[in-house]
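The residues making up each chain are set out below.
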Amino acid sequence: MKVALFATCLGDTIFPNAVRATVAVLERMGCSVDFPMAQTCCGQMHTNTGYRRHAVPAVRTFVDAFSGYDAVVAPSGSCVGSVRHQHATVADSAADPELSEAVRQTAPAVRELSEFLVDVLGATDVGAYFPHRVTYHPTCHSLRMLRVDDKPLRLLRSVRGLDLAELPDAEQCCGFGGTFAMKNPDVSVAMGSDKARNVRSTRAEVLCAGDSSCLMHVDGVLSRQRAGIRTMHLAEILACTEEEQ
Amino acid sequence: MPAFPEAASSAVADSQLRHNLQKATGTIRRKRAEVVEELDDWSDLRAAGAAIKAHTLSHLDEYLERFETAVTKAGGTVHWARDAAEANRIVVDLVHATGETEAVKIKSMTTQEIELNDALANADISAWETDLAELIVQLDEDTPSHILVPAIHRNRAEIREIFRREMGVSGKPAPADLTDDPADLAEAARRHLREKFLRSRVAISGANFAVADTGSLVVVESEGNGRMCLTMPETLISVVGIEKLIPSWQDLEVFLQLLPRSSTGERMNPYTSTWTGVAAGDGPSAFHVVLLDNGRSSALADEVGSQALRCIRCSACLNVCPVYERTGGHAYGSVYPGPIGAVLTPQLRGTESDVDASLPYASTLCGACYDVCPVAIDIPELLVRLRTKTVEEPKRRGPRGLDVVMRGVGWILGDARRLARVQRLASWSGSWLGKAGRIGRLPWPASKWTNARDAPTPPTESFRSWWQRTRGGNS
Ligand code: SF4
């Protein structure tokens, strides 16, 4: 199956390992992966901060890069949520019917990694091996915008050697919230610290999530606390195999 | 009042406050989830609640007229108030006309919104709050910090202190040996309030619902003190926001299931009082309704924003909000705190002031509020919409730093080649920023991130360049 990869601006720029891992998992599952070089970003940062007009170029770039693909996969629940739930509004605000139509064509084909693996490929076992104690944080947009439910957990439970620890208050927001982290730093850090405390209480070696942005925030707190807990994107765990260990 | 980030920052630093809030909201969250789980038609009920409210709001003019006709026919009087000042003047005049100088009050957000107690005090009328939590707040000369539990930010020990210190000043003092046992505290409040119930000739209320067909008002409560206010006094004045209308008595069926489960986590609230006009020898002999606009009709004019007027003030969104849980209600600078306050307040008051302009940003957009809202108000969507409005409004001040950043970043992200150039710059800076993989403290504005969090070091190679290097031809 041919798949277009949407790396997301953060993944592409700051967390390339998570994106490379996404490629590895998709290829292992028999997909042929395309990376349309013209892609940039979903525009969420602008939309959510109120700069909707400034999100229009990003949306335009997105539909240009991804039109014509039956399947687009991204390692981020948040960015996929933005594509599926916000691109139409952004395009409509630009009063460009052609753009709106293009969004209606592309947006439904875009899926978050766990959605794609479970719903489209029908796989929960992707042949991964990761002999470590892991706890999983279901990020808000995956959970409530995309309703990925327990798909990431089903994938993790099928990873050989993995010891999955339940995270207390897992469904509470980590406090990242895009520009919220900068506009309301004290509340953001208070929330991140509570999340970090819950993560530490599981005695997990690794905190896993499907969004690099949320992980970046919690990782920042854990690292400042010298907690000795690694954060890894879901794709990075799924990409690990016995041969690589 | 400082803008949200400043107010929130001092609230977050108050560990006692955070502890009180975490405990209270956690308990009520669990209770709500349990009783909602019990109903297998919850999503239908929720859709019905949303639909009834949406329908009423889109025909509000008709229903308001119908309500006025029904109230008048039942022997009551309807007054219309455009704003807080007008509503306060009407109430003060009505109390003055009775010749009384005090009134008992039923807990009401609407009268808090218009600061009625202050207006009454300025006219030498003493208004006594009779809801237990509202009484605590009033005695302490504090302001409410939650829609349903105004004193949620106080614990028992603090309440005992307030009772001992303040009760004697305005009425029956607390017993000298008062403990912080809940039963003891409730008993002290009961004795303090009883004296006022027996004496007052005027009562002031709000309403949870106003039934257009019959002109009836409905108040739901847990303690029964409201019912005392509705039966003992001779004059009853109810201040009701125009969004409280529902078409018919039958519609209550939906809301009397949605409201208690969402707000207190009970299957049914202990007291539901309804009243229609006046009846000789039964309850008050004079009844007035003040219908309040105060920004509601302008909120109604916004196609998406008007959703916020469906709110039935259950407070479920406050109790699940992770931001509210850390800051409490005072940080929002409004009687409507939490997620609903963040969308309702700027719509009612506009976004000219710093605090009102900061409210739409007082959320991570985590979406928990939308999930629990019994009338399905899409609060995250409203927040984003209000942010857009705030940004696109004619500038209140000169160009803001964020504007410049957003424009610049928007320009970069509009084109893949520009992004690639920035990535090369990031990789290059990453090579001298820190080899350890983490960056510690950085100067402003990055300090807003790094004051309490480390930042990741940019990688030596972006994904894009890796792809090009390893798979050059394949795209
Ligand atoms: S917005 Fe919804 S959840 Fe929040 S108080 Fe109003 S009705 Fe309740």
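Every chain is numbered independently, its residues counted from 1 as its sequence is written. Working convention: letters from A go to chains and numbers from 1 go to ligands, in the order in which they are written. pLDDT decides what is reported in this predicted model: residues at 70 or higher carry local features, side-chain atom pairs at 80 or more are listed and counted, and totals for whole chains, interfaces and linings draw on all residues regardless. Side-chain metrics in this entry use all non-hydrogen atoms of the structure; hydrogen atoms and water are not considered.

1. Details of the pattern of salt bridges
A side chain of one charge can pair with a side chain of the opposite charge if their charged atoms are brought near each other. Residue and element names in this part refer to chain B. A side-chain nitrogen of Lys or Arg and a carboxyl oxygen of Asp or Glu constitute a salt bridge if their distance falls within 4 Å. Within the structure shown, the criterion is met by 43 salt bridges over all chains. The salt bridge partner of Arg296 is Glu113, with a shortest N-O separation of 2.7 Å. With Arg296 in helix α13 (residues 296–300) and Glu113 in helix α6 (residues 109–113), this pair connects stretches of sequence that are 183 residues apart. The two residues Arg296 and Glu113 agree in class, both being buried. Its salt-bridge partner being Glu234, residue Arg201 comes within 3.8 Å of it at the nearest N-O pair. Taken together, the residues span a long stretch of sequence, with Arg201 in the loop between α10 (182–199) and β4 (202–205) and Glu234 in the loop between α11 (225–231) and β7 (235–241) at a distance of 33 residues. To sort residues, take the accessible area from a 1.4 Å probe on protein chains only and compare it with the maximum for the residue type: under 20% means buried, over 50% means exposed, and anything in between is partly exposed. With a relative accessible area of 43%, Glu234 lands in the partly exposed category. Sharing partners across several salt bridges, the network here consists of Asp140, Asp142, Arg154, Glu158, Arg165 and Glu166. Numbering of helices and strands runs from the N terminus; a helix is a DSSP stretch of H or I covering at least four residues, while a strand is a stretch of E covering at least two.

2. Quick notes on empty space enclosed by the protein
Residues and elements named next belong to chain B. For cavity detection a 1 Å grid was placed over the protein atoms alone, and a set of points counts as a cavity when a 1.4 Å probe fits there but cannot get out; an open set counts as a pocket when protein lies on both sides within 12 Å along at least five of seven lines, with lining residues being those that have an atom within 4 Å of a point. Grid points are joined across faces, edges and corners, and a volume is the space filled by probe spheres set on the points. Applying the stated criterion to the full structure yields four cavities of 30 Å³ or more. When its volume is computed, the largest cavity comes out at roughly 90 Å³. Lining the largest cavity are 14 residues, and of these Cys311, Cys314, Cys317, Cys373 and Pro374 lie nearest its centre. Within the lining of the largest cavity, the residues separate by chemical class into twelve nonpolar, one polar and one charged. Estimates place the volume of the second largest cavity at around 70 Å³. Taken together, Cys321, Pro322, Val323, Pro339, Ala362, Ser363, Thr364, Leu365, Cys366, Gly367, Ala368 and Cys369 make up the lining of the second largest cavity. Of all elements in the fold, only α15 (322–327) and α18 (368–372) reach the threshold of two or more residues within the lining of the second largest cavity. The nonpolar class holds Ala, Val, Leu, Ile, Met, Phe, Trp, Tyr, Cys and Pro. Asp, Glu, Lys and Arg form the charged class, and all remaining residues, Gly among them, are polar. The class makeup of the residues in the lining of the second largest cavity is nine nonpolar, three polar and no charged.

3. Topic: the UniProt feature "domain: Cysteine-rich" (unreviewed entry) in chain A
All names here are of chain A. As recorded in UniProt, the feature "domain: Cysteine-rich" (unreviewed entry) lies at residues 3–82 and 134–218. As annotated, residues 3–82 has a helix share of 56% and a strand share of 11%, and its two end C-alpha atoms lie 19 Å apart. From the first C-alpha to the last, residues 134–218 spans 15 Å; its make-up is 48% helix and 12% strand. UniProt positions are given in the numbering used here, feature names are shortened, and annotations may be inferred rather than shown by experiment.

4. Digging into the confidence of the model for chain B
Per-residue confidence for chain B gives a mean pLDDT of 93, with 97% of residues at or over 70. Across the predicted assembly, pTM comes out at 0.95 and ipTM at 0.96. Values of pLDDT, which run from 0 to 100, indicate the predictor's confidence residue by residue.

5. Here's the deal with the site of the ligand
All names here are of chain B. For each residue, the test is whether any non-hydrogen atom lies within 4 Å of the molecule or strand; if one does, the residue is near. Not every one of the 13 residues close to the ligand is listed here, only the nearest: Cys311, Cys314, Ser315, Cys317 and Cys373. Here the ligand occupies the largest cavity. Class assignment of the residues belonging to the shell around the ligand gives a composition of eleven nonpolar, one polar and one charged. Each molecule is checked against the cavity or pocket grid, and it sits inside if more than half of its atoms lie within 2 Å of the grid points.

6. Focus on the packing of helix α11 (residues 185–201) of chain A against helix α1 (residues 4–13) of chain B
Here an angle of 0 to 180 degrees is reported between the N-to-C directions of two axes, which are lines fitted to C-alpha atoms, with helices fitted over the stretch in contact. As a packed pair, α11 of chain A and α1 of chain B sit with axes 8 Å apart at the nearest point and diverge in direction by 35°. Judged by residue contacts, Asp186, Val187 and Ala190 of chain A of α11 of chain A engage Ala8, Ser9 and Val12 of chain B from α1 of chain B. Tallied by class, residues from the contact of α11 of chain A with α1 of chain B come to four nonpolar, one polar and one charged. Throughout, a residue-residue contact means that at least one pair of heavy atoms, one from each residue, lies within 4.5 Å.

7. Comments concerning unusual backbone geometry
Residue Pro445 of chain B follows Trp444 of chain B across a cis peptide bond; omega there is 0°. As for its placement among the helices and strands, Pro445 of chain B is situated in the loop between β11 (438–439) and α22 (447–450). At Asp149 of chain A, a position not held by glycine, the phi torsion is positive, near 50°. As for its placement among the helices and strands, Asp149 of chain A is situated in the loop between α8 (140–145) and α9 (151–157). We classify Asp149 of chain A as exposed; its relative accessible area is 54%. Unlike most non-glycine residues, Arg203 of chain A shows phi in positive territory, near 55°. Note on placement: Arg203 of chain A falls in the loop between α11 and β7 (206–209). A relative accessible area of 63% places Arg203 of chain A in the exposed class.

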